[in-house]
Amino acid sequence: MPQWWKIRRELKRLGNHLLEWPTDTTNFLFGTFYYDRFLAHKKTILSGLQDTTDKRAVYLIFPKNGLQPGHFRTLDYLASKGFAVTVVSNLPLNPGQKVAVLPKCHMYIERPNYGYDFGGYRDGILSMRNDVAAIKQLILLNDSVWFPVSSKTDWLADVDDLGVEFAGAVSNYGIPRVDPDHFRELSFDYRTDHKNFHYCSFALSLGQKIVQDPKFIEFWASFPLTNKKKRTVRRGEIGLTAWILRRGYSHAETLGVHRLAECLGKLSDPELRDVARHVIVLDDSRLKKAKANVILSIDKLSRTDLVNFVLMVAARQGTAYALAYYSVLFLGFPFLKKSPLWLDQDAAKISSLLLGALSEPAADEALMEANDLQLSK
């Protein structure tokens, strides 16, 4: 019997693609030209008080509610690691906020909000184009996450321990994807050859060989900017990862997605059930239904079923979202995505719960901001 919901979904997707094709093609061909020719001159560039070093960072912010304590915590962490930071803001700061941020950075760039995080990364990186010969490490971070929200781990130390040229905090599309109703059939086999495999852009580390690659600046100069989020993900996160893999650079991520099945299997029965109850599901009715069914029968499910369910949700939602409760509380992962606070009521409860359970100053700051985020939506 045909699954009509799948046929309708694919027909709708094809229809939307055909409707958007002219706009997408024009945007792909001329989006960057449009930004460079008509918008880039509106940037504000200010010198900060930090001295330059051979370790550089671009910190992209979208401070809709103004600068928060979490922004300064991220900047202080980078400074403690010896990084000279270029803060790129996709929204204007008021004069007082600019005065506050300049001592925390080497350069401040305020730009028109075009191209999402990769548009901001592009401006930050191109501002360093004459310095690449002296750069040994480049970090790309954005404020879609609270970081560092936990002191149990040190992300940049973990990056160093990986010993690779390209490191992310977490990857997507490495876990096989199965239908929510068929999670028992999941066979864990982490791979990096899926066409959509990528390292998530909220935290990336690029080593000296990459930054000094003659093609690196060229990649960013010709990067096809767009104001469509899905296209930015495809051209940005997926595109950059694909470029890294094509160039043959070593790569890995600090969360250890390739070890998730093993790590989940080491949890006690109560811990595993706790993790399964607190997976985060966003904007997916079938996945929400699958979670509800699992919770109803959670005491009857085998350990293998529970592990496969958690892995299935991670594969379909993205590990940074789906496994926030597990990764932060059990592994000390220092990143927590903010958007679940306003995207989903249950996800907001889980995010607030784990922040409260951390009992750390950074988590307390994030929890206060989380309350404001929920109220503002």
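Residues numbered from 1 in each chain as written. Predicted model: local features only at pLDDT ≥ 70, side-chain atom pairs only at ≥ 80, totals over all residues. Heavy atoms only, no water.

With that settled, the discussion passes to helix H2 (residues 69-80). A rise of 1.5 Å per residue sets the reference length of H2, with its 12 residues, at 16 Å; its end C-alpha atoms lie 16 Å apart and thus fit the reference within 8%. By the burial criterion, the buried members of H2 are Gly-70, His-71, Thr-74, Leu-75, Tyr-77 and Leu-78. Buried residues of H2 fall within an arc of 160° about the axis and therefore sit on the same side. One or two steps after H2, the chain reaches Gly-82, where phi turns positive at roughly 85°. (Helix = DSSP H or I, 4+ residues; strand = E, 2+ residues; numbered from the N terminus. Expected span 1.5 Å × (residues − 1). Buried < 20%, exposed > 50% of the residue type's maximum accessible area, 1.4 Å probe, protein only. Arc of directions from axis to C-beta.)

Let us look at helix H11 (residues 285-296). Here H11 is 12 residues long and its end C-alpha atoms lie 17 Å apart, about the 16 Å a rise of 1.5 Å per residue gives. Among the residues of H11, Leu-287, Ala-290, Lys-291 and Val-294 are the ones counted as buried. One side of H11 carries all its buried residues, which in axial view fall inside an arc of 100°. For H11, the exposed residues set more than 90 degrees away from the buried face come down to Ser-285, Lys-289 and Leu-296. Buried residues along H11 sit against helix H10 (269-277), helix H12 (303-317) and helix H16 (345-358). (Contact = heavy atoms within 4.5 Å.)

This paragraph deals with the packing of helix H14 (residues 324-331) against H16. One can describe the packing of H14 onto H16 by two numbers: an axis separation of 10 Å at closest approach and a directional angle of 5°. Relative to H16, the element H14 lies roughly parallel. Each of Ala-324, Tyr-325, Val-328 and Leu-329 in H14 lies in contact with H16, whose residues at this interface are Ile-350, Leu-353, Leu-354, Ala-357 and Leu-358. In terms of residue class, the contact of H14 with H16 is made up of nine nonpolar, no polar and no charged. (Axes fitted to C-alpha atoms, helices over the stretch in contact; angles between N-to-C directions. Parallel < 35°, antiparallel > 145°, perpendicular 65-115°, else oblique. Nonpolar A, V, L, I, M, F, W, Y, C, P; charged D, E, K, R; others polar.)

In this section: the pattern of salt bridges. Any two side chains of opposite charge can pair if their charged atoms end up close together. In this structure the tally under the stated criterion is 22 salt bridges. For the salt bridge of Lys-81 with Asp-154, the shortest nitrogen-to-oxygen distance reads 2.5 Å. Pair noted here: Lys-81 is in the loop between H2 and strand E3 (84-89) and Asp-154 is in the loop between strand E6 (145-146) and helix H5 (155-162), with a separation of 73 residues, a long-range link. Overall, Lys-81 belongs to the partly exposed group, its relative accessible area being 26%. The residue Asp-299 makes a salt bridge to Arg-273 at a minimum N-O spacing of 3.6 Å. A residue pair is termed long-range when its members are at least 10 positions apart, and Asp-299 in the loop between H11 and H12 and Arg-273 in helix H10 qualify at 26 residues. Arg-273 gets classed as partly exposed once you look at its relative accessible area, which sits at 22%. (Salt bridge = Lys/Arg side-chain N within 4 Å of Asp/Glu carboxyl O.)

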